[in-house]
Number of protein chains: 2
Amino acid sequence: MRPREFDHDDVLRIAFDQFWRKGVRGTSLSDIARDAGVQRGSLYNAFGSKEALFLQAYERYAGDYLLALQKALGTGSLRKRLTAFFDLTITNFRSGSPPRGCPTTRGLMELGAAEGEGLDEAARQAFASLVSRITALVQDTLSAAAKRGEFNGNPAAAALHIITVTRGLAVLERAYGDEVQLRKIASHTIDLVLDKKGS
Amino acid sequence: MRPREFDHDDVLRIAFDQFWRKGVRGTSLSDIARDAGVQRGSLYNAFGSKEALFLQAYERYAGDYLLALQKALGTGSLRKRLTAFFDLTITNFRSGSPPRGCPTTRGLMELGAAEGEGLDEAARQAFASLVSRITALVQDTLSAAAKRGEFNGNPAAAALHIITVTRGLAVLERAYGDEVQLRKIASHTIDLVLDKKGS
DNA sequence: AAAGTATTTGACACAGCGTCAAGAACGTGG
DNA sequence: CCACGTTCTTGACGCTGTGTCAAATACTTT
């Protein structure tokens, strides 16, 4: 076999950076090829298609991001954990200059569009999967807190609510780009969730 | 002057339908031209560019949608008003088959991508403007309810929170397509907002 | 009726996606 | 140590989509 002349992971990282900055549809394989110092055809040979390349690059990101969230949710009082969770979420949206937004949310709204195309469906599942795993993480944190008497609401409902708010924050970030506003909403949400009385 | 051979508003409606179903980047002017029975060049002559056409079509939708929301928020107890508001929001996401999602949220995440292109910025403002106007509508409703003693929270913060949740619902809709789940989240949100004690 | 003006039409240039055949580089078996 | 086969690379091609332009067209106005 002839060995590959470029590093698979390097290309994935470079590609995801472009996808993140310019959107999936807004990034051309020529851009990635130029940035990575690789011929366009080689990308097709190695990854098959633009969407397949994106998916691999996204999975890479998703794994890293999930680990970071897990860490953020792992220490301190429930309020501290949730605050760290929202902090990391917002910091992620606002990373880069200009800020790149939430790749999951952007991908979902961008690719969840086409009707009936096979690969878009695979992408949708990848996005949905990360959202589900984050929801589970939050729910576990709430359940554990409930056992310790730190939380007296419904963990499943509250986790879903929190996830919904984070997705909404990703949208407002694109609309206004106002980080202070995002943090206010996050803080208000934590108050709402923790102050809730029964059920 | 030679008169135009097609109806301006018809084209806007047909175009928006396509944009809504297939996304802005996923819709070609050829698609719209075919659907509208118009030559592609005529669209450029009449609207200037794809984005300009989309913007006009979107403004048309935004006006109609805002009116409907205003109506939904106009009658009954605060809980009834908010329920009607979320109902209309979710119904809007779920309209069409397959469901088309929220055009504003999809547009924001899809077009808010490119860095520094002029027309994308105009689109971003159009989306942000509708979001702002809806927020104002909700806030006014809450303020009025507060004066009647029906609500004792902070109208501005609560309105922002509600808007954030609706944007999050738009994202979850694309991720899971589960309308029942969306309605549960909405109902839970109303509970949270109305049960909140001080501040 | 003739002139003027806006619209339509079709051709063009350009960029992006994806495919293909041909060439190149490396490991492996004789 | 050399020839073979496998895999990667390269460049050309077809297709679709965006946007531009000049020429042709059809209507209104004088």
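Right above here is the structure, for reference.
As the structure is a computational prediction, the values presented were derived from the model and not from experiment.

Thresholds applied
Residues numbered from 1 in each chain as written. Chains lettered and ligands numbered in written order. Predicted model: local features only at pLDDT ≥ 70, side-chain atom pairs only at ≥ 80, totals over all residues. Heavy atoms only, no water. Helix = DSSP H or I, 4+ residues; strand = E, 2+ residues; numbered from the N terminus. Expected span 1.5 Å × (residues − 1). Buried < 20%, exposed > 50% of the residue type's maximum accessible area, 1.4 Å probe, protein only. Contact = heavy atoms within 4.5 Å. Polar contact = N/O pair within 3.5 Å; in protein donor to acceptor, adjacent residues only side chain to side chain. Least-squares fit on C-alpha atoms with pLDDT ≥ 70 in both. Near = heavy atom within 4 Å. Salt bridge = Lys/Arg side-chain N within 4 Å of Asp/Glu carboxyl O. Buried area = accessible area lost by both parts, 1.4 Å probe. Nonpolar A, V, L, I, M, F, W, Y, C, P; charged D, E, K, R; others polar. Phe/Tyr/Trp six-rings, centres within 6.5 Å; stacked < 30°, edge-to-face > 60°. Lys NZ or Arg CZ within 6 Å of the ring centre and 35° of its normal.

K.L.:
Explain helix α1 (residues 8-22) of chain A to me, please; I cannot follow it from the model alone.
P.N.:
Side chains of residues three or four places apart in an α-helix project in the same direction, reflecting 3.6 residues per turn. Residue and element names in this part refer to chain A. The terminal C-alpha atoms of α1 lie 21 Å apart, and with 15 residues this matches the ideal 21 Å at 1.5 Å per residue to within 8%. All buried positions along α1 are accounted for by Val11, Leu12, Ala15, Phe16, Gln18, Phe19, Trp20 and Lys22. Next to the buried residues of α1 lie α2 (29-36), α3 (40-47), α4 (50-72), α5 (78-93) and α6 (103-111). Regarding α1, its N-cap is Asp7, as a side-chain oxygen of that residue lies 3.2 Å from the backbone nitrogen of Asp9 further along. Backbone geometry just downstream of α1 places Gly23 in the positive-phi region, at approximately 85 degrees.

K.L.:
Teacher, can you tell me more about the relation of the copies chain A and chain B here?
P.N.:
Put simply, the two copies of the chain differ by a rotation about an axis and a shift along that axis. Mapping chain A onto chain B calls for a rotation angle of 180 degrees and an axial translation of 0.0 Å; the resulting RMSD is 0.1 Å. On the angle and the small slide along the axis, the relation comes out as a two-fold axis. Distance from the rotation axis, computed per C-alpha, reaches its smallest value in chain A at Gly168(A): 1.9 Å.

K.L.:
Sorry, what's going on with the protein's contact with DNA strand D here?
P.N.:
Around DNA strand D, the structure places 18 residues, and the nearest of them are Arg2(A), Gln39(A), Arg2(B), Arg40(B) and Tyr44(B). At a separation of 2.9 Å, a phosphate oxygen of DNA strand D approaches a polar backbone atom of Leu29(B). For the surface near DNA strand D, the secondary-structure elements that each account for two or more residues are α3 of chain A together with α3 (40-47) of chain B. It is α3(A) that contributes the most residues to the surface near DNA strand D, three residues altogether.

K.L.:
Please explain the pattern of salt bridges as it appears in this structure.
P.N.:
Think of it this way: side chains of opposite charge can pair up when their charged atoms draw near. Considering all chains together, one arrives at 28 salt bridges over all chains under this definition. A salt bridge links Glu121(A) to Arg124(A); the nearest nitrogen and oxygen atoms lie 2.3 Å apart. On the criterion of helical spacing, the pair formed by Glu121(A) and Arg124(A) is a turn pair, its members being three residues apart in helix α7 (residues 118-147). For Glu121(A), a relative accessible area of 36% gives the class partly exposed. The residue Glu173(B) makes a salt bridge to Arg174(B) at a minimum N-O spacing of 2.9 Å. Given the relative accessible area of 2%, Glu173(B) is considered buried. One network of salt bridges, in which partners are shared, links Asp87(A), Arg94(A), Glu173(A), Arg174(A), Glu179(A) and Arg183(A).

K.L.:
Sorry, what's going on with the interface of chain A and chain B here?
P.N.:
Interface size is commonly expressed as the accessible area that is lost once the parts come together. Each side of the interface is counted separately: chain A has 42 residues, and chain B has 42 residues. Taken over both partners, the interface formed by chain A and chain B buries close to 3,900 Å², and the fraction arising from carbon and sulfur atoms is 69%. Scanning the region where chain A abuts chain B turns up zero salt bridges. Broken down by secondary-structure element, the contributors of at least two residues to the side of chain A that touches chain B are α1, α6, α7, α8 (155-176) and α9 (179-195) of chain A. Among the elements that take part in the side of chain A that touches chain B, α8(A) stands out by supplying 16 residues, more than any other. Within the side of chain A that touches chain B, the residues separate by chemical class into 19 nonpolar, 11 polar and 12 charged.

K.L.:
Hey, could you run me through the packing of aromatic side chains in this one?
P.N.:
Applying the stated rule across the entire model yields 22 aromatic pairs over all chains. Geometrically, the ring pair formed by Phe54(A) and Tyr58(A) is stacked, given 6.0 Å between the ring centres and 25 degrees between the ring planes. Remark: Tyr58(A) and Phe54(A) occur in helix α4; sequence separation between them is four residues, near one turn of the helix. As far as the burial class goes, Phe54(A) and Tyr58(A) line up, both buried. Linked through ring pairs, Phe16(A), Phe19(A), Trp20(A), Phe54(A), Tyr58(A), Tyr61(A), Tyr65(A) and Phe127(A) together constitute an aromatic cluster. Above the face of the Trp20(B) ring, Arg100(B) is positioned so that its terminal group lies 3.7 Å from the ring centre.

K.L.:
For this particular structure, what's the right way to read the protein's contact with DNA strand C?
P.N.:
Around DNA strand C, a shell composed of 18 residues is seen, among which Arg40(A), Tyr44(A), Arg2(B), Glu5(B) and Gln39(B) lie nearest. At the protein interface, 69% of the atoms of DNA strand C within 4 Å belong to sugar or phosphate. Contact between DNA strand C and Arg40(A): a base oxygen at 2.8 Å from a side-chain N or O atom of the residue. A distance of 3.0 Å separates a phosphate oxygen of DNA strand C from a polar side-chain atom of Arg4(B). Of all the secondary-structure elements, those providing two or more residues to the surface near DNA strand C are α3 of chain A together with α3 of chain B. Here the surface near DNA strand C gets three residues from one element, more than from any other, and that element is α3(B).

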